[in-house]
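So the chains spell out like this:
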Amino acid sequence: MLAIDQSPATGGEHAVRNAEILACGRAVITDEAEALEALSHAIDENFVAAVEALMGTDRRVVVSGLGKSGHVGRKIAASFASTGTPAFFMHAAEAAHGDLGMIMPGDTLLLLSMSGETRELKQVVTYAAEAGITIVAIGSKPSSTIMQLADVKLLIPPVREACPENISPTTSAIMMLAMGDALAIAMMNQRGVSRTKLNMLHPGGAIGQRLARVSSLMHSKDELPLVKRATPMRDVVLTITAHSLGIAGVIDDAGNLVGVITDGDLRRHADNLFDRDAQAVMTQNPSTVDVSCFVEDALQTIEANKITALFVTHSLNPRLPVGLIHIHDILRSGLR
């Protein structure tokens, strides 16, 4: 039986081992960062051609790859779909067993293969070429079979893998992934995909929370702490206390917001507070947000103004309060 040395390491040995681990991790990240820099300089007019080909797709973009390229391809297809380009991933190994039927006239094929000679992908590219389907290929060998059959060729610069044996796809996978992200965002920009569209595509999760509208979180109707200009401060304090939001909005006879009274205003006028009315204590021209505003933007306004709550106004009348959003509402939503 193999004997294993279980003697405890000394403090010096731990320090040396930790230093080696940190040096290795930093070296990998440095190598990959340098590779991405090289990739940014290598992008040329073929990238423009690839964007135009993918955007010109009548139906869907079909992404395919094998091994690490396949894993990267799944992420690229997901990025395309989430930024407004209909796409899905087709497993290259399953393609020759019937999944080639997923590719239809009007689709565009995006193939990922560093070598350009992946056997399973050769079958895919041959089928697509014979069917007249546009092929965009990402790889590193311009003379390879797959690259030769592709209509648009996106070349990855030949750099060493971060793997010490220069075998495991590391640097190359990162560059391939970055190329996919670049394509997705370039198409998103060309299509003018807005946050409204992204909100429709990402209704759940952290992104959905970031893209939610203030209308989904705000207090409204009877929950609004509103008082008139001439309301005595004793009643204003009761209104603030009853609604537990630390603020009251002051409105004119037409119902328009003319000011706010916060806990800070109460403290500043504490000496003769109950001898005054709302108009004498309120802060005029308060910050507000439109009802169509994104929660993320509302939070930025709250943080920039060092306040805890914002009145939400009507889209057609920026002075008419229809809601109130408090920083606690945003925190409970999980945005922060």
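Just so we're clear, the structure is a prediction, and the values are computed from it rather than from any experiment.

A. Structural view of the sheet that holds strand 2 (residues 87-91). Strand order in the open sheet formed by five strands is 2-1-3-4-5, and the pairing between neighbours is parallel. Pairing within the sheet leaves two strands with one partner each, and these edge strands are strand 2 and strand 5 (152-155). Going across the sheet, the axis of each strand differs from the next one's by a mean of 20 degrees, ignoring polarity. With four bridges joining them, strand 4 (residues 134-139) and strand 5 adopt parallel strand pairing. Looking at strand 5, one finds that V136 is bridged to V152. Strand contacts of helix 3 (residues 68-82): strand 1 (61-65), strand 2 and strand 3 (108-112), with the helix running at about 160 degrees to strand 2, the strand carrying the most contacts. Docked against the sheet, helix 5 (residues 119-130) engages strand 1, strand 2, strand 3 and strand 4, running at close to 160 degrees with respect to strand 3.

B. Region of interest: the environment of G106. Mapped onto the secondary structure, G106 falls in the loop between helix 4 (92-95) and strand 3. Separated by 45 residues in the primary sequence, G106 and V61 place their C-alpha atoms 9.2 Å from one another.

C. How the structure looks around the side chain of S172. Within the element layout of this structure, S172 appears in helix 7 (residues 171-191). Residues contacting S172, with those up to four places away along its chain left out, are M114 and E161.

D. Local environment of the pairing of strand 1. With five of its five residues buried, strand 1 lies for the most part within the structure. Burial along strand 1 is two-sided: the residues V61, V63 and G65 and V62 and S64 are all buried. By the bridge criterion, five bridges tie strand 1 to strand 2 in an arrangement that is parallel. Paired with G65 across the two strands is H91, which belongs to strand 2. As for the winding sense of the linkage, the β-α-β connection from strand 1 through helix 3 to strand 2 is right-handed.

Rules and cut-offs
Residues numbered from 1 in each chain as written. Predicted model: local features only at pLDDT ≥ 70, side-chain atom pairs only at ≥ 80, totals over all residues. Heavy atoms only, no water. Pairing = 2+ DSSP bridges. Helix = DSSP H or I, 4+ residues; strand = E, 2+ residues; numbered from the N terminus. Axes fitted to C-alpha atoms, helices over the stretch in contact; angles between N-to-C directions. Contact = heavy atoms within 4.5 Å. Buried < 20%, exposed > 50% of the residue type's maximum accessible area, 1.4 Å probe, protein only. Right-handed = clockwise from strand over helix to strand, strands pointing away.

Geometric descriptors of this kind do not, in isolation, establish any biological role.
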